[in-house]
Amino acid sequence: MKQDRFGKAGVLSPEQIHHLFSDGLIQSRDHALFGVCLYTGCRIGEACTLLTSDVINTSGPKSAVLFRWHQTKGKRDTREVPMHPQLHDYLVAYAPDLTRTYLFPGRHGRSYIRVSSADRILRQAFSEVGLEGFSTHSFRRTALTQMHNAGVPTKHIQRISGHRTLAALSGYLEVTDEQVEGAIAKLVF
């Protein structure tokens, strides 16, 4: 499914994101789950294992999403990502059960939604709207690329993404031929 990108998940355009969230993803839980991935740049496994208390409280969504060290890929560092207004709205619409441990409970409510289940939901949504070459990791690549294209310093993006090195982060940033040509055109000697 990831052809022409050397095994990397595709980066979604704003139009594709809008189409996916308005026509492909139906349930408010799915908007919230994949909104967490898109608006924090986290991995799907990090989103699936979020604790309710680390994202929302009785007065509503918190000002930041907390990813505890044991939920991250490297299991090294805890990080906080500021709450995006759209993610805030998705969480309000989702209205999770505050008595549940996990923000996104699994099928029987005893644990968290499995990555394989989230992947299946997303693949169906992509199919519904006719998008190919994308995966759950597309949200992470999209978020990090959008921040980079908006001029956010790479050290800030690195802190948000949790990458240990700038070299690791650079593999997530998609650069178009037009951007390369524009950079070359700006050379002044």
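Residues numbered from 1 in each chain as written. Predicted model: local features only at pLDDT ≥ 70, side-chain atom pairs only at ≥ 80, totals over all residues. Heavy atoms only, no water.

A. Structural context of the packing of helix α2 (residues 28–40) against helix α5 (residues 115–129). Closest axis-to-axis distance for the α2/α5 pair is 12 Å, and the angle between their directions is 105 degrees. One element, α2, and the other, α5, form an angle in the roughly perpendicular class. Packed against α2, whose contacting residues are Arg29, Asp30, Leu33 and Phe34, the element α5 presents Ala118, Ile121 and Leu122 at the interface. Residues of the contact of α2 with α5, tallied by class, amount to five nonpolar, no polar and two charged. (Axes fitted to C-alpha atoms, helices over the stretch in contact; angles between N-to-C directions. Helix = DSSP H or I, 4+ residues; strand = E, 2+ residues; numbered from the N terminus. Parallel < 35°, antiparallel > 145°, perpendicular 65-115°, else oblique. Contact = heavy atoms within 4.5 Å. Nonpolar A, V, L, I, M, F, W, Y, C, P; charged D, E, K, R; others polar.)

B. Summary view of helix α7 (residues 154–161). Residues Ile157, Gln158, Ile160 and Ser161 constitute the buried set of α7. One face of α7 carries all of its buried residues, which in axial projection span an arc of 165 degrees. With respect to the buried face of α7, the exposed residues turned more than 90 degrees away are Lys155 and Arg159. On its buried side, α7 packs onto α2, β4 (79–82), α6 (137–149) and α8 (166–170). Looking one or two residues past α7, Gly162 carries a phi angle of roughly 85 degrees, positive in sign. (Buried < 20%, exposed > 50% of the residue type's maximum accessible area, 1.4 Å probe, protein only. Arc of directions from axis to C-beta.)

C. Representation of the pairing of strand β3 (residues 64–67) in the model. Here β3 shows no split at all, with Ala64 and Leu66 on one side and Val65 and Phe67 on the other all buried. In this sheet, β4 lies alongside β3 in antiparallel orientation, the contact comprising four bridges. Looking across to β4, one finds that Leu66 is bridged to Glu80. (Pairing = 2+ DSSP bridges.)

D. Here's a closer look at the nonpolar core. With 45 residues, the main nonpolar core has Leu20, Phe21, Leu33, Phe34 and Phe139 as its most contacted residues. Among the elements of the structure, α1 (14–24), α2, α3 (44–48), β3, α4 (85–94), α5, α6 and α7 are those that each provide at least two residues to this core. With near-sequence residues (within four places) excluded, Phe139 lies in contact with Leu12, Leu20, Phe21, Phe34, Cys37, Leu38 and Leu122. (Core = buried A, V, L, I, M, F, W, Y, C linked by side-chain atoms within 4.5 Å.)

E. Quick look at the side chain of Thr145. Relative to the assigned elements, Thr145 resides in helix α6. Among the polar contacts made by the side chain of Thr145, one reaches the main-chain carbonyl oxygen of Arg141 at a distance of 2.8 Å. (Polar contact = N/O pair within 3.5 Å; in protein donor to acceptor, adjacent residues only side chain to side chain.)

F. A look at the environment of Phe104. Position of Phe104 among the secondary structure elements: in the loop between α4 and α5. In this structure Phe104 comes out as buried when scored by relative accessible area, which is 0%. Linking Phe104 and Asp119, residues 15 residues apart in sequence, is a C-alpha distance of 14 Å.

G. Structural view of unusual backbone geometry. In this structure, Ala95 takes a positive phi of about 50 degrees despite not being glycine. If you trace the backbone, Ala95 turns up in the loop between α4 and α5.

H. Inspection of α4 at higher detail. All of the buried residues along α4 are Leu87, Tyr90, Leu91 and Tyr94. End-on, the buried residues of α4 take up no more than an arc of 95 degrees, which puts them together on one face. Of the residues in α4, the exposed ones pointing more than 90 degrees away from the buried face are Pro85 and Ala93. Tucked inside the fold, the buried residues of α4 contact α1, α2, β1 (56–57), β2 (60–61) and β3. Taken from the residues just after α4, Ala95 is the one with a positive phi, measuring 50 degrees.

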